[in-house]
Amino acid sequence: MMLCVVTGGAGFIGSHLVDALVARGDRVVVIDSLVNGEHRNIAGHIDAGRVTLVKADLLLDGWQDALTGVERVYHLAADPDVRQGSLTPDSQIHNNILATYRVLEAMRTHGVPAVVFTSTSTVYGDATIIPTPESYNPLEPVSVYGACKLACEALISAYCHGFGMKGWVYRFANIIGERSNHGVITDFIKKLQDRPGELEILGDGRQTKSYLEVKACIRAMLFAVENSDDVLNIFNIGSEDWVDVTTIADIIVREMGLSHVQYRFTGGERGWVGDVPRMQLAVEKLKALGWQPDVGSLESVEVAVRAMLGKAVS
Ligand code: NAD
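Structure report, in brief.

**Some details on the nonpolar core**
- Of all hydrophobic cores here, the largest spans 37 residues; its most connected members are Leu17, Val28, Tyr74, Tyr170, Met221 and Ile237.
- At the level of secondary structure, the elements contributing two or more residues to this core comprise strand S1 (3-7), helix H1 (12-23), strand S2 (27-32), strand S5 (114-120), strand S6 (166-172), helix H7 (214-227) and strand S11 (232-237).
- At 9 residues, H7 tops the list of elements feeding residues into this core.
- There are two domains that each give this core at least three residues, and those are domain 1 (3-175 + 211-237) and domain 2 (177-209 + 241-308).

This is the structure:
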């Protein structure tokens, strides 16, 4: 049993992580401003006395003492909107870089020895090697979001090497599933609920990326942190295949029971400024520890779509 903090623990991925930590008996403190997270995502655990919620903005003071006696911080709080980040970078600079710096400083002053951080495939930019391994370079992000996450990785490296902490940095593919409130699947479902006869698809619909269902992502996160022990441990987390955007649209249309939906492509190989049209991560490093990916991109999309439409998931 461990006392840990999950920043962003009321959000999409964070609340699934909290489910898993509670299930294995850890004591969990969630720090979340609820700017994008939902109280209801963790309400059951709070009511059961298994989770404490500190409702606080990491950019303000008042939450730091929640780190007293904590053995591990899972730092997930962030502005995750890649598309918006390239239009208005300010929120990403603050909620990603500055918030991460403040979490690391609070860890340093409270003697917390371990940080787990959720980074992203977008740190690789338009990688020329696909599947892309952790050793790929140069790291040349094409989005503000990717740039901010790379800056966070660098800060974590410096704090781990300089102040006796250990760090786990996970570069995620697209993580999808129940409670998600952003990304391509959310976007398509909302558009089709508004106008069931047509669907605007950003770009040419051929953007091809790797997707991983959120529960599989959480299993990989916890496996890696329990099975590696360097000062800084960097792992890609994703599935071993990819799927294109038009196929995702087809799955959503089918699962919503729609027919004759007219697709309208906005054109261009990228959906937006900073979009990476082809992404698949090499996961050999994690597999070498003994982890086995148990779900591919297509199945991840199907499970996520059904869950997000409120259908029973087998
Ligand atoms: P999310 O928006 O559901 O979760 C982020 C949480 O952080 C929210 O609950 C929000 O309220 C909270 N938060 C944001 N700014 C805060 C602040 N200043 N102070 C306190 N709380 C704050 O997003 P998610 O998809 O669950 O992402 C979780 C993490 O995983 C993020 O770090 C994101 O960048 C990373 N990530 C996600 C994906 C993906 O596909 N979803 C891919 C790569 C990386």
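**Section: helix H5 (residues 144-163)**
- Between the first and last C-alpha of H5 there are 28 Å, a value that for 20 residues agrees with the 28 Å anticipated at 1.5 Å per step.
- Along H5, the residues that are buried comprise Tyr145, Gly146, Cys148, Lys149, Cys152, Glu153, Ile156, Tyr159 and Cys160. The buried residues of H5 occupy one face: seen down the axis, they fall within an arc of 160°. With respect to the buried face of H5, the exposed residues turned more than 90 degrees away are His161 and Gly162.

**A few points about the sheet that holds strand S12 (residues 243-244)**
- Strand order in the open sheet made by the 3 strands is S12-S9-S14, with mixed pairing throughout. Because the sheet does not close on itself, it has two edges, and the strands there are S12 and strand S14 (278-279).
- Note that strand S9 (residues 208-209) and S14 share 2 bridges and pair parallel. Looking at S14, one finds that Lys209 is bridged to Met279.

Cut-offs applied
Residues numbered from 1 in each chain as written. Predicted model: local features only at pLDDT ≥ 70, side-chain atom pairs only at ≥ 80, totals over all residues. Heavy atoms only, no water. Core = buried A, V, L, I, M, F, W, Y, C linked by side-chain atoms within 4.5 Å. Buried < 20%, exposed > 50% of the residue type's maximum accessible area, 1.4 Å probe, protein only. Helix = DSSP H or I, 4+ residues; strand = E, 2+ residues; numbered from the N terminus. Domains from an automatic or database assignment. Expected span 1.5 Å × (residues − 1). Arc of directions from axis to C-beta. Pairing = 2+ DSSP bridges.

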